[in-house]
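Residue-level structure breakdown
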Amino acid sequence: MYNPRVGDKVSDLDTPSMIVDLDLMESNIKKLMDKLLPTGVDIRPHLKTTKSAILAQKLAAAGAKGGCVAKLSEAEVIAEKGFDDLLITCEIIGPVKVKRLVALYQKHRKIRIVIDNAAGATAINDALAASGIEEPISVLVDLDVGLHRTGVAAGEPALALARHIGSMKHLKIIGVQGYEGHLQHLHDRADREQQCLASMKTLTETADALRRDGHDIQVVTTGGTGTAEFCATVPGVTELQPGSFIFMDTDYRNAVGRFYGNSLTILSTVVSKQGARAVTIDSGLKSLTTDSGLAECKDPRYTYGVLGDEQGSLVWEEGTPDLDVGDVVEMIPSHIDPTINLHDYYYAYRNGVIEEIWPVDSRGKVQ
Ligand code: PLP
Ligand code: MN
């Protein structure tokens with residue numbers, strides 16, 4: 001049985017393998033905390049990126065307060081691993097999921113949820129009432145700040161929803177979530193900042209309107225890797241949810257620059273030579289996602305192409321050193337979150353030696 005261990009060399013790993021440069025990752029975490037914590041906001045990193053309880057703990061040790069997960073099933077896994085200060089940032093809809101939520105809340109009272117519609121609120125309230133759990137679950141009103149994905153509209157609809165939630169015995173409003181996901185990857189920094197501040201205005205004005213209506217709004221949560229620094233400057237924003245900064249990807253690097261480094265790569269082997277300046281590597285669609293463009297070789301002289309599920313090509317210009325069968329290369333993912341979801345383990349190294357191995361705990365947890 002193949003069983004890589006701490007202390008092995010990275011060069012001894014089979015491929016494809018997901019490897020993490022620990023120095024770079026730690027520097028990304030430190031940079032984020034150093035930049036954002038002095039503004040007074042809380043950092044609740046989005047764990048949809050890492051899907052790892054160990055990394056959640058590392059982020060908490062560096063100053064984060066809790067974490068976000070996208071889906072209920074992610075919360076189940078990460079909480080079971082001992083990290084349960086979690087905000088589930090997607091709506092919990094349907095009887096099966098509501099039942100799972102109640103079961104999770106039975107064991108983990110720190111779980112927080114978002115709600116964007118009255119029927120969803122009623123269903124969760126009624127299920128909690130039937131469960132006999134006394135303590136109301138903490139709810140954030142999910143507000144649409146321009147992404148048009150989830151979230152109630154600002155103004156009267158948000159007020160009406162908050163009144164509805166506020167009237168329910170088993171739900172307790174603690175805040176508002178407004179995620180501006182459509183802005184994260186805007187390349188023009190000034191445009192990204194300006195649009196972000198407009199979204200933050202919608203968010204903080206709604207939080208104030210809810211307060212005037214009698215709700216105890218403690219948490220105003222928002223932001224991702226592309227916008228967190230702008231959100232942090234806005235009075236009234238209390239919490240930020242960046243995720244990708246820890247590893248980055250080529251899409252984010254192209255959009256927001258190199259302040260954070262690409263700390264995660266997919267180690268791949270050249271398995272065939274297909275011409276004078278073309279080889280095939282063992283990483284294809286099942287190792288590297290393509291929704292945000294193609295992955296890049298860490299050595300930019302080699303250009304990647306997809307050759308199907310299991311393989312990809314690398315080609316190069318004349319004058320660049322040849323790659324040959326058996327050579328090992330590192331590939332930088334174009335979109336980090338779905339790429340991680342393709343792998344079982346992280347192999348984290350320093351000076352070429354594996355220092356830690358972390359499972360991708362909530363891999364495949366899309367429910
Ligand atoms: N918050 C929410 C609700 C998200 O959906 C995401 C990512 O899609 C994030 C935060 C984190 O964003 P990023 O990984 O771009 O930093
Ligand atoms: Mn993403």
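In the annotation of an unreviewed UniProt entry, the entry for the chain reads Amino acid aldolase or racemase, and the organism field reads Apiospora arundinis. In its Sequence similarities (unreviewed entry) section, the UniProt entry covering the chain states "Belongs to the DSD1 family."

When the UniProt feature table is mapped onto this chain, "domain: D-serine dehydratase-like" (unreviewed entry) is found at residues 263-350. In the segment residues 263-350, helix accounts for 6% and strand for 40%; the C-alpha atoms at its two ends are 11 Å apart.

Relative to the helices and strands, N28 is located in helix 1 (residues 22-36). In this structure N28 comes out as buried when scored by relative accessible area, which is 0%. With residues up to four places along the chain from it excluded, the contact list for N28 reads F245, I246, F247, Y260, G261 and S263.

Now for the sheet that holds strand 9 (residues 239-240). Spatially, eight strands are ordered 2-9-8-7-6-5-4-3 in an open sheet, and the strand pairing comes out parallel. Of all the strands in the sheet, the pair left with one neighbour each is strand 2 (42-43) and strand 3 (67-69). Relative to strand 4 (residues 86-88), strand 3 is paired through three bridges, and the arrangement is parallel. Bridging across to strand 4, G67 finds its partner in L86.

All right, on to the packing of helix 4 (residues 95-107) against helix 5 (residues 118-131) then. Closest axis-to-axis distance for the helix 4/helix 5 pair is 10 Å, and the angle between their directions is 50°. Considered as vectors, helix 4 and helix 5 are oriented oblique to each other. In the packing of helix 4 onto helix 5, the handedness of the crossing is right-handed. Residues V98, L101, V102, Y105 and Q106 of helix 4 form the contact with helix 5, whose participating residues are A123, I124, A127, L128 and S131.

Turning our attention to the confidence of the model for the chain. Atom-level detail of predicted coordinates should not be read off regions where pLDDT is low. Of the residues in the chain, 100% have a pLDDT of 70 or more, and the chain-wide mean is 98. Interface predicted TM-score (ipTM) for the complex: 0.99; the corresponding pTM is 0.98.

This part takes up the pattern of salt bridges. One side chain can pair with another of opposite charge once the charged atoms of both are near each other. Scanning the entire structure with this criterion turns up 28 salt bridges. Between K51 and E74 there is a salt bridge; the shortest N-O distance is 2.7 Å. Remark: E74 occurs in helix 3 (residues 72-80) and K51 occurs in the loop between strand 2 and helix 2 (53-61); sequence separation between them is 23 residues. Taking relative accessible area as the criterion, K51 reaches 6% and is therefore assigned buried. In this structure, the salt-bridge partner of E205 is K201, at a minimum N-O distance of 3.0 Å. Note that E205 and K201 are positioned in helix 7 (residues 189-212) at a spacing of four residues, about one turn of the helix. Note on K201: relative accessible area 49%, which makes it partly exposed.

Among the surface-exposed residues, L285, L294 and V306 lie close enough to one another that they form a single nonpolar patch of about 210 Å² accessible area. Judged by relative accessible area, L285 falls into the partly exposed class, the value being 37%.

Bringing the pairing of strand 13 (residues 303-306) into the picture now. Note that strand 13 and strand 14 (residues 312-315) share four bridges and pair antiparallel. In the sheet register, T303 faces strand 14, and the bridge partner there is V315. Following strand 13, the chain reverses through five residues before pairing antiparallel with strand 14; G308 in that reversal takes a positive phi of roughly 120°.

With that settled, consider the side chain of H343. By secondary structure assignment, the location of H343 is in the loop between helix 10 (336-340) and strand 16 (345-350). Within the local environment of H343, its side chain forms a polar contact with the backbone oxygen of S287, the two atoms lying 2.9 Å apart. Sequence-distant contacts of H343, that is, excluding residues within four places in its chain, are made with M18, I266, S287, V360 and R363.

We now examine the environment of T265. Checked against the element boundaries, T265 lands in strand 10 (residues 264-273). Under the relative-accessibility criterion, T265 is labelled buried at 3%. Taking the C-alpha atoms as reference points, T265 and F247, 18 residues apart in sequence, are found 8.8 Å from one another. Setting aside chain neighbours within four positions, we find T265 in contact with S17, M18, I19, K298, E330, M331, I332 and P333.

All right, on to the packing of helix 3 against helix 4 then. Where helix 3 contacts helix 4, the axes come no closer than 10 Å and their chain directions differ by 20°. By the angle between their directions, the pair helix 3 and helix 4 is classed as roughly parallel. In this structure, the crossing between helix 3 and helix 4 has a hand that is left-handed. In contact with L72, S73, A75, E76, A79 and E80 of helix 3, helix 4 contributes K97, R100, L101, L104 and K107.

The rules behind these values
- Residues numbered from 1 in each chain as written.
- Chains lettered and ligands numbered in written order.
- Predicted model: local features only at pLDDT ≥ 70, side-chain atom pairs only at ≥ 80, totals over all residues.
- Heavy atoms only, no water.
- UniProt positions renumbered as here; feature names shortened; annotations may be inferred.
- Helix = DSSP H or I, 4+ residues; strand = E, 2+ residues; numbered from the N terminus.
- Buried < 20%, exposed > 50% of the residue type's maximum accessible area, 1.4 Å probe, protein only.
- Contact = heavy atoms within 4.5 Å.
- Pairing = 2+ DSSP bridges.
- Axes fitted to C-alpha atoms, helices over the stretch in contact; angles between N-to-C directions.
- Parallel < 35°, antiparallel > 145°, perpendicular 65-115°, else oblique.
- Left-handed = near helix turned anticlockwise from the far one by under 90°.
- pLDDT = per-residue confidence, 0-100.
- Salt bridge = Lys/Arg side-chain N within 4 Å of Asp/Glu carboxyl O.
- Patch = residues over 30% accessible without salt bridge, like charges linked within 9 Å, V, L, I, M, F, W, Y side chains within 5 Å.
- Areas by Shrake-Rupley, 256 points an atom, 1.4 Å probe, with all protein chains shown as cover.
- Polar contact = N/O pair within 3.5 Å; in protein donor to acceptor, adjacent residues only side chain to side chain.

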